[in-house]
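If you want the building blocks of each chain, they are given just below.
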Amino acid sequence: MTAVPTDRPADQPADRPADPTASQPTVGSAKSPMVIAERVHKKFGLNEVLKGVDLTIDRGEVVVMIGPSGSGKSTFLRCINHLERVDAGRIWVDGQVVGYEQRGHHLHELSERAIARQRAHIGMVFQHFNLFPHMTVLDNLIEAPRRVFGADREEVTARAEVLLGKVGLRDKIKAYPRHLSGGQQQRVAIARALCLQPSLMLFDEPTSALDPELVGDVLAVMKDLAASGMTMAVVTHEMGFARDVADRVVFFDSGVIVESGPPDQVILNPQHERTRVFLRAVR
Ligand code: ADP
Ligand code: MG
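All residue numbers here refer to positions counted from 1 along the written sequence of the relevant chain. Key to labels: chains lettered from A, ligands numbered from 1, both in the order written. In keeping with the predicted nature of the model, local features appear solely for residues at pLDDT of at least 70, side-chain atom pairs appear and are counted solely at 80 or more, and the whole-chain, interface and lining totals rest on all residues. Hydrogens and water are ignored here; the side-chain numbers use all heavy atoms of the structure.

Some details on the overall build of the chain
Now for step 1: Strands here mean DSSP runs of E at least two residues long; helices mean DSSP runs of H or I at least four residues long; both are numbered from the N terminus. Along its length, the chain carries 9 helices and 13 strands.
Now for step 2: Note on classification: 1.4 Å probe, protein chains only; a residue is buried when its accessible area is under 20% of the maximum for its type, exposed when over 50%, partly exposed between these limits. The burial tally for the chain puts 52% of its 283 residues in the buried class.
Now for step 3: The contact criterion used is simple: two residues touch if any of their non-hydrogen atoms lie within 4.5 Å. Residue pairs in contact within the chain that sit at least 24 positions apart in sequence constitute 65% of those at least 6 positions apart.
Now for step 4: With residues, only the protein chains shown are counted as cover, and all accessible areas are computed by Shrake-Rupley using a 1.4 Å probe. For the chain, the computed accessible surface area is about 13300 Å², with 49% contributed by carbon and sulfur atoms.

Examining the sheet that holds strand S2 (residues 35-44)
Now for step 1: At least two DSSP bridges between two strands are required for those strands to pair. Across the sheet, which stays open at both edges, the 4 strands sit in the order S3-S2-S5-S6 with antiparallel pairing between neighbours. Each end of this open sheet is capped by a strand with a single partner; those strands are strand S3 (47-57) and strand S6 (96-97).
Now for step 2: Judged from the 2 bridges that link them, strand S5 (residues 88-93) and S6 form a sheet pairing that is antiparallel. By the bridge assignment, Val93 is partnered in S6 with Gln96.
Now for step 3: Note on geometry: axes are C-alpha line fits, over the in-contact stretch for helices, and angles between N-to-C directions span 0 to 180 degrees. Of the strands in this sheet, S2, S3 and S5 touch helix H1 (residues 73-80), which is tilted by about 60° from S3.

A look at the packing of helix H3 (residues 137-149) against helix H5 (residues 182-194)
Now for step 1: Direction vectors running N to C along H3 and H5 enclose 30°, while the axes themselves pass 8 Å from each other. On the basis of their axis angle, the class for H3 and H5 is roughly parallel. Viewed along their axes, H3 and H5 form a crossing whose handedness is right-handed. Residues Val137, Asn140 and Leu141 of H3 touch H5, and the partners they reach there are Val188, Ala191 and Arg192. Oblique is the label for every angle not falling under 35 degrees (roughly parallel), over 145 degrees (roughly antiparallel), or within 65 to 115 degrees (roughly perpendicular). When the near helix sits turned anticlockwise from the far one by under a right angle, the crossing is termed left-handed; a clockwise turn instead gives a right-handed crossing.

Re the nonpolar core
Now for step 1: Counting residues in each nonpolar core, the largest one holds 53 residues, and the members touching the most others are Leu141, Ile190, Met201, Phe203, Met222 and Met232.
Now for step 2: Here this core gets 8 residues from one element, more than from any other, and that element is helix H6 (residues 212-227).
Now for step 3: Those residues in contact with Met201 that sit more than four places away from it in its chain are Gly123, Val125, Ile190, Ala193, Leu194, Leu225, Met230, Thr231, Met232 and Ala233.
Now for step 4: Core analysis: the next-biggest nonpolar cluster, separate from the first, contains 27 residues, Val40, Leu50, Leu55 and Val63 among them. Residues enter a nonpolar core if they are buried and are Ala, Val, Leu, Ile, Met, Phe, Trp, Tyr or Cys, with the set joined through side-chain atoms within 4.5 Å.

Focus on the packing of aromatic side chains
Now for step 1: Pairs were defined over the aromatic rings of Phe, Tyr and Trp, the Trp ring being its six-membered one, requiring ring centres within 6.5 Å. Orientation was assigned from the angle between planes: stacked under 30 degrees, edge-to-face over 60, tilted for the rest. This model, assessed by the stated rule, comprises 2 aromatic pairs.
Now for step 2: Between Phe76 and Phe252, the ring centres sit 5.7 Å apart and the planes meet at 45°, which makes this aromatic pair tilted. Remark: Phe252 occurs in strand S12 (residues 248-253) and Phe76 occurs in helix H1; sequence separation between them is 176 residues. Of the two residues examined, Phe76 and Phe252, each falls in the buried class.

Section: the pairing of strand S4 (residues 62-66)
Now for step 1: For S4, the buried fraction is high: 5 of the 5 residues fall into the buried class.
Now for step 2: Bridge count between S4 and strand S11 (residues 231-235): 4 bridges; the pairing is parallel. Note on S11: the bridge partner recorded for Val64 is Val234.

Points about the environment of Val63
Now for step 1: Mapped onto the elements, Val63 comes out in strand S4.
Now for step 2: For the pair formed by Val63 and Gly261, sequence separation is 198 residues and the distance between their alpha carbons is 9.6 Å.
Now for step 3: Val63 has contacts with Ile57, Met232, Ala233, Val234, Arg248 and Val250, leaving out every residue within four places of it along the chain.

Things to note about the environment of Leu138
Now for step 1: With respect to the helices, strands and loops of the structure, Leu138 is situated in helix H3.
Now for step 2: A relative accessible area of 16% places Leu138 in the buried class.
Now for step 3: In sequence terms Leu138 and Arg192 are 54 residues apart; their C-alpha atoms lie 8.8 Å from each other.
Now for step 4: For Leu138, the contacting residues outside a window of four places in its chain are Thr157, Ala160 and Ile173.

Some thoughts on the site of ligand 1
Now for step 1: Around ligand 1, a shell composed of Phe44, Asn47, Val49, Pro68, Ser69, Gly70, Ser71, Gly72, Lys73, Ser74 and Thr75 is seen.
Now for step 2: Here an oxygen atom of ligand 1 sits 2.6 Å away from a polar atom, N or O, in the main chain of Gly70.
Now for step 3: Distance and chemistry together define a polar contact, namely a pair of N or O atoms within 3.5 Å, with one atom able to donate a hydrogen and the other to accept it when in protein, and with adjacent residues in sequence counting only for side-chain atoms on both sides. In the environment of ligand 1, an oxygen atom lies 2.7 Å from a nitrogen or oxygen atom belonging to the side chain of Lys73.
Now for step 4: Taking 560 Å² as the accessible area of ligand 1 by itself, protein coverage stands at 58%.
Now for step 5: Secondary-structure elements contributing two or more residues to the shell around ligand 1 are S3 and H1.
Now for step 6: Per element, the largest residue contribution to the shell around ligand 1 is 3 residues, and it comes from H1. The cutoff for a nearby residue is simple: one of its non-hydrogen atoms must lie within 4 Å of the molecule or strand.

A few points about helix H4 (residues 153-166)
Now for step 1: What a helix is expected to span follows from its residue count: subtract one and scale by 1.5 Å. Over its 14 residues, H4 extends 20 Å from the first C-alpha to the last, a length consistent with the 20 Å expected when each residue adds 1.5 Å.
Now for step 2: Immediately beyond the C-terminal end of H4, within one or two residues, lies Gly168, with a positive phi of roughly 75°.

What about the sheet that holds S12?
Now for step 1: Read across the sheet, 6 strands follow the order S9-S10-S11-S4-S12-S13 without closing on themselves; strand pairing throughout is mixed. Two strands lie at the open edges of the sheet, namely strand S9 (122-125) and strand S13 (256-261), each paired on one side alone. The sheet shows a mean angle of 20° between the axes of neighbouring strands, direction not considered.
Now for step 2: Sheet contacts for H5: S9 and strand S10 (200-204); angle to S9, the most-contacted strand, approximately 170°.

Geometry only, nothing functional implied.
Structure representation (structure tokens):
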């Protein structure tokens with residue numbers, strides 16, 4: 001277990017956040033933001049991929065992240081669920097510091113098991129669906145709730161059936177992933193993440209590997225999820241989705257957030273030249 005003193009200098013995990021009102025979110029409080037990221041830095045070797053990212057996501061908010069390839073969007077999402085460890089800065093999800101627990105004046109990295117439990121409250125959907133190929137759709141959905149939480153099989157199966165109905169795949173419950181289209185597999189992946197009853201969903205380019213005719217069904221499922229009040233962070237270049245569904249669009253470039261605002265402002269009337277150049281390229 002790593003002990004991180006909380007009085008480190010500015011390039012280490014921050015203990016004196018820039019915004020004092022954000023420094024002590026109440027655990028699980030209905031009013032605290034769902035995500036607070038403060039001065040997040042991440043390097044791979046000499047490559048500084050995140051150079052001080054600050055972002056707050058309110059409960060029920062849908063934030064779409066756009067930006068050029070290599071700008072750090074995926075790395076940032078992976079830091080939110082501790083698939084990557086931040087080098088400096090700090091992230092809270094639902095009032096808890098991601099990957100660490102505070103004891104006295106020190107932060108201690110959580111055990112693998114505790115990290116798995118924390119991560120289970122954060123659903124993640126990737127470009128490639130990563131379903132277990134040797135398991136049926138149902139088993140893909142119930143595996144993690146049973147393994148991580150020891151959930152009762154009948155109870156979690158009932159939940160899985162409801163979720164598969166919501167994503168339009170109730171009839172595929174016994175199918176194997178190889179018998180499904182890419183769009184169907186991605187909807188199973190969304191249902192699988194939801195089966196853990198997450199409080200936050202992260203999507204990393206969920207439709208970019210799909211044939212164009214399959215994109216709409218996946219976006220429709222995500223739109224329903226947003227309408228149900230789920231807090232979502234979505235990396236996507238589907239600008240129609242961003243304009244319809246996002247509360248806020250955030251533009252990343254070279255490891256920083258360059259611009260952030262309501263979708264119509266950022267997409268139709270960007271304030272920064274870098275955003276304009278990028279948007280011309282994706283349109
Ligand atoms: P984006 O999602 O915006 O395209 P990424 O976060 O995937 O950007 O990548 C940002 C930079 O970090 C890229 O230069 C990429 O090569 C690098 N990178 C990402 N993950 C790793 C890793 N595990 N090891 C080394 N470099 C990485
Ligand atoms: Mg990416």
